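Next come the chains, spelled out residue by residue.
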Amino acid sequence: MFLVALTGGVASGKSTVTKIFRDNGVPVIDADAIAREVVEPGRPAWHKIKATFGEAVFHEDSGELNREALGRIIFDDVEKRKQLNEITHPEIHRIIYKSVIKCFLLGHNFVVMDLPLLFETRIMLNFIHKIITVTCEEDIQVARLIDRSKYTEAEATKRIKAQMPLELKCEQSHFVIENSGTFRDTEEQTLKILAILQDSNQHWKIRGVIFATAALLVSSIAWILNYKYKWYGTN
């Protein structure tokens, strides 16, 4: 099994693309969904955020994280954003690794990983076989973010500028999906990429390496145990 990273910018349309992959039977690991999971009340990251940022970033009635309040803090302060990432990213990546192993055991040829900060963190890059970046025109990106999250234009622009520019992500990607047009345009681009991924034999190479390594490990253990028993038998 090989890993495909899907990235882009906030409100660039990654969720549209991941839905197309899911609708065509491709497993998708969503880092944003996992990020919401790890900060649920009572989780280790939840406690660390409370200790670092205080009660003001939580809803009083439910104890859940107030994302708007926290967002206002971290998007105005690079160091605060770094602190949050240091709290949440290890938990997020631990769940991602477990999800990848599960997909491998289920026999999937490849899995798409929705990783908005793939290039910013660079943690997963060495494990990725192909990278897809979803891009769109910045004015459309701003409009989508205002409509989706009810931000002002200044707030939306600030969140977009906090991430790596989309053009730089596109330059480092194997595939680019232009999502400024209609859903049909995006779907056609995604399905073309899907066909290429499905034709790849990379998953056999990776499985071969894994199975060969496992076989070598088992044979080594067997040899050690056999040698050990023979040694005890002669003493």
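Owing to the predicted nature of the structure, the values given are computational and were not obtained by experimental measurement.

Digging into the packing of helix H4 (residues 67-74) against helix H5 (residues 78-105)
So, step 1. Viewed as axis vectors pointing N to C, H4 and H5 meet at an angle of 130 degrees, and their least axial separation amounts to 7 Å. The angle between H4 and H5 places the two elements in the oblique class. Touching Leu70, Ile73 and Ile74 of H4 are Val78, Lys80, Arg81 and Leu84, all from H5.
So, step 2. Tallied by class, residues from the contact of H4 with H5 come to five nonpolar, no polar and two charged.

What to know about unusual backbone geometry
Glycine aside, residues mostly have negative phi angles, and peptide bonds mostly take the trans form.
So, step 1. The phi angle at Ala11 is positive, at roughly 65 degrees, despite the residue not being glycine.
So, step 2. Position of Ala11 among the secondary structure elements: in the loop between strand S1 (2-8) and helix H1 (14-23).
So, step 3. The class of Ala11 is buried, set by a relative accessible area of 9%.
So, step 4. A positive phi angle, close to 65 degrees, is found at Arg122, a residue other than glycine.
So, step 5. Relative to the helices and strands, Arg122 resides in the loop between helix H6 (118-121) and strand S4 (130-135).

Observations concerning H4
So, step 1. Those residues of H4 lying buried are Ala69, Leu70, Gly71 and Ile74.
So, step 2. Residues of H4 that are buried sit in contact with helix H3 (44-53), H5 and helix H8 (153-161).

A look at the pairing of strand S3 (residues 110-114)
The side chains of a regular strand alternate, first on one face of the sheet and then on the other.
So, step 1. Burial runs high along S3: five of the five residues are buried.
So, step 2. Two elements, S1 and S3, share five bridges in a ladder whose sense is parallel. Its bridge partner lying in S3, Leu3 is registered against Val111.
So, step 3. Pairing between strand S2 (residues 28-30) and S3: three bridges, direction parallel. Across the sheet, residue Asp30 finds its bridge partner in S3, namely Asp114.

Section: the nonpolar core
So, step 1. Residues Ile49, Phe53, Ile96, Met113, Leu115 and Leu118 are the most contacted members of the largest nonpolar core, which totals 34 residues.
So, step 2. Listed by contribution, the elements that provide at least two residues to this core are S1, helix H2 (31-38), H3, H4, H5, S3 and H6.
So, step 3. Here the element with the most residues in this core is H5; it accounts for eight residues.
So, step 4. When we break this core down by domain, the ones giving at least three residues each are domain 1 (1-27 + 108-199) and domain 2 (28-107).
So, step 5. Leu118 has contacts with Ala5, Thr7, Met124, Leu125, Ile128 and Ile131, leaving out every residue within four places of it along the chain.

What counts, and where the lines are drawn
- Residue positions are given per chain, counting from 1 as you read along its sequence in written order.
- Given that this is a predicted model, residues contribute local features only at a pLDDT of at least 70 and side-chain atom pairs are listed and counted only at 80 or more, while totals for whole chains, interfaces and linings are drawn from all residues.
- To obtain the side-chain values, all non-hydrogen atoms of the structure were included, while hydrogens and water were left out.
- Axis definition: a line fitted to C-alpha atoms, limited for helices to the stretch in contact. Angles are taken between N-to-C directions and run from 0 to 180 degrees.
- Under the scheme used here, helices are H or I runs from DSSP no shorter than 4 residues and strands are E runs no shorter than 2 residues, and both carry numbers assigned from the N terminus.
- By definition in this entry, angles of less than 35 degrees are roughly parallel, angles greater than 145 are roughly antiparallel, angles of 65 to 115 are roughly perpendicular, and the rest are oblique.
- Whether two residues touch is decided by their heavy atoms; if any such pair falls within 4.5 Å, the residues are in contact.
- Residue classes follow a fixed rule: Ala, Val, Leu, Ile, Met, Phe, Trp, Tyr, Cys and Pro count as nonpolar, while Asp, Glu, Lys and Arg count as charged, and any other residue, Gly among them, counts as polar.
- For the exposure calls, accessible area comes from a 1.4 Å probe over protein chains only, and a residue counts as buried if that area is under 20% of its type's maximum, exposed if over 50%, partly exposed in between.
- When DSSP finds at least two bridges between two strands, those strands are taken to pair.
- Among buried residues, those of type Ala, Val, Leu, Ile, Met, Phe, Trp, Tyr and Cys that are joined through side-chain atoms within 4.5 Å constitute a nonpolar core.
- Domain start and stop positions are those given by an automatic or database domain assignment.

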